[in-house]
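Residue-level structural notes
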Amino acid sequence: MTALVSQPAAAGHRSGARSGRRFAVALAAAVVLLVAVLASFALGSRPLTVDQVWHALVSPDGGEASTIVRELRMPRTALGLAVGLALAVAGVLFQALTRNPLAEPRILGISAGASFGVVLAISVFGVGTLAGYVWFGIGGAVLAGLLVLAVAARAREGASPVTLALVGAALDASLASVVYALLSIDARTFEEYRFWVVGGLAGRDISVAAQVLPFVLAGLVLAALVARGLDALALGDDVARGLGHRIGLVRVGGGAAGVLLTGAAVAAAGPIAFVGLAVPHLARALVGADHRWTLTVSALLGPALLLGADVVGRLVAPPGEIPAGIVTALIGAPLLAVLVRRARLVTT
């Protein structure tokens, strides 16, 4: 009898310890994000003190520090928060929906859809500003994602992980070929597109962050609604149905959330690599496979990684800078290799 009583108690103790550890990890991730935000405001070709940053934000006086913080660094910091969060959460969603640990926001052809929208805006409609063709990028990404979901849903086995990946890869290749064809015949389009496709936060004003924010918020709401269903999907479709989850609805909701998040992020900052691939792996290594915690920690670490990469890009080659998209690839590749290596050691 004592053993029967002690087993639930021990299980409850382990569950409480696990929740406490996850909360501590989330708190630490929030602190890392706060440090990254502060560094984004303070560091660059003209370094500022914490006191200067604070006064520029709270009581701007029109001086040099206020101009640097409010007109140059605030827009890219705000955009870095939105884009990093969106890419990281989208990566978690796509890896869960496709059951593919290598899945990222490109998996459903969404990045190619955004690229097609931007190129179309420049070459056909003559749009010459980033704030102008952000809407075309978002539209192209959303249409590409919806097309993949619609085609996959009509397959015999429905929108299964394999079907989603195959349809997305086919659409990605098709749209990429159209984009390259348009670029090869129009030099002006190529010059405009080259600035966007590298991926970065520089040169964007605060209006760009404001344009994509509603799409990011809508994607986050959908991701929160399907988080518990993603845990069930990881156990298999039959088990998920047995637990009372409508797997078709979970997949469509998760896919729609990923489409909105990726479309907004890629349209605003370009196809930034590795944030949506590496951050979900890091989050799972820290808090386990519970998607509510994985999504939370990824939403904190994603913008921290992107803002950190942006700061590094400003500091390594003054007075110029390296785009954040290049730095994230340089940071994310070894980080992912370490995480994969660690996972192999654990499983063996």
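Residues numbered from 1 in each chain as written. Predicted model: local features only at pLDDT ≥ 70, side-chain atom pairs only at ≥ 80, totals over all residues. Heavy atoms only, no water.

Brief notes about the layout of surface pockets
Taken as a whole, the largest pocket spans an internal volume of roughly 420 Å³. In terms of lining residues, the largest pocket is bounded by 20 residues, among which Arg106, Ser111, Ser115, Asp172 and Pro271 are the most central. For the lining of the largest pocket, the secondary structure elements donating two or more residues are α4 (110–123), α6 (161–185), α7 (187–197) and α11 (275–287). Here the lining of the largest pocket is composed, by residue class, of 14 nonpolar, three polar and three charged. (1 Å grid on protein atoms, 1.4 Å probe; cavity = no way out; pocket = protein on both sides within 12 Å on 5 of 7 lines; lining within 4 Å. Points joined across faces, edges and corners; volume = space filled by probe spheres on them. Helix = DSSP H or I, 4+ residues; strand = E, 2+ residues; numbered from the N terminus. Nonpolar A, V, L, I, M, F, W, Y, C, P; charged D, E, K, R; others polar.)

A closer look at the nonpolar core
Counting 91 residues, the largest nonpolar core has Leu79, Val83, Val89, Leu93, Tyr133, Leu230 and Val297 as its most contacted members. The dominant element in this core, judged by the number of residues it contributes, is helix α3 (residues 64–98), at 16 residues. (Core = buried A, V, L, I, M, F, W, Y, C linked by side-chain atoms within 4.5 Å. Buried < 20%, exposed > 50% of the residue type's maximum accessible area, 1.4 Å probe, protein only.)

Some points on the packing of α3 against helix α10 (residues 247–269)
Contact geometry of α3 with α10 gives a least axis separation of 8 Å together with a crossing angle of 145°. The way α3 lies across α10 gives a crossing that is left-handed. When α3 is examined against α10, the residues Leu79, Val83, Ala86, Leu87, Val89, Ala90, Leu93, Phe94 and Leu97 are found in contact with a partner set consisting of Val250, Arg251, Gly254, Gly255, Ala257, Gly258, Val259, Leu261, Thr262, Ala265, Ala268 and Ala269. Residues of the contact of α3 with α10, tallied by class, amount to 16 nonpolar, four polar and one charged. (Axes fitted to C-alpha atoms, helices over the stretch in contact; angles between N-to-C directions. Left-handed = near helix turned anticlockwise from the far one by under 90°. Contact = heavy atoms within 4.5 Å.)

Focus: the side chain of Thr294
For Thr294, the position within the fold is in helix α12 (residues 291–315). Looking at Thr294, the relative accessible area reads 1%, which means it is buried. The residues touching Thr294, leaving out its near neighbours within four places in the chain, are Val92, Pro280, Ala283, Arg284, Val287, Gly288 and Ala289.

Some thoughts on the confidence of the model for the protein
Within the protein, residue pLDDT values average 84, and 88% of them lie at 70 or more. In the model of the protein, helix α9 (residues 237–242) stands out as the element of lowest mean pLDDT, 68, in contrast to α12, which has the highest, 95. (pLDDT = per-residue confidence, 0-100.)

Focus on unusual backbone geometry
The phi dihedral of Phe274 is positive, around 75°, even though this residue is not glycine. Among the secondary structure elements, Phe274 is positioned in the loop between α10 and α11. Its relative accessible area of 22% is what places Phe274 among the partly exposed residues.

Some remarks on the environment of Gly168
Structurally, Gly168 is set in helix α6. Assessed through its relative accessible area of 0%, Gly168 is described here as buried. Sequence spacing of Gly168 and Ala112 is 56 residues, and the spatial spacing of their C-alpha atoms is 9.8 Å. Contacts of Gly168, omitting those with residues within four sequence positions, involve Ile107, Leu108, Gly109 and Val148.

A closer look at the environment of Ser66
The topology assignment puts Ser66 in helix α3. Assessed through its relative accessible area of 7%, Ser66 is described here as buried. Among all residues touching Ser66, those that are not within four sequence positions of it are Ala56, Pro60, Asp61 and Glu71.

Comments concerning α7
Taken residue by residue, α7 has Thr189, Tyr193 and Trp196 as its buried positions. Down the axis of α7, the smallest arc covering the buried residues is 50°, so these residues share one side. The secondary structure elements touched by the buried residues of α7 are α4, α5 (130–153), α6 and α10. A distance of 3.1 Å separates the backbone nitrogen of Arg188 from a side-chain oxygen at the start of α7, and that oxygen is part of Asp186. (Arc of directions from axis to C-beta. Polar contact = N/O pair within 3.5 Å; in protein donor to acceptor, adjacent residues only side chain to side chain.)

Digging into the packing of aromatic side chains
Per the counting criterion, the structure on display carries three aromatic pairs. Aromatic pair Tyr193 and Trp196: ring centres 5.6 Å apart, planes at 40°, arrangement tilted. Residue Tyr193 and its partner Trp196 are both found in helix α7; the two are separated by three residues, about one turn of the helix. Under the relative-accessibility criterion, Tyr193 is labelled buried at 8%. (Phe/Tyr/Trp six-rings, centres within 6.5 Å; stacked < 30°, edge-to-face > 60°.)

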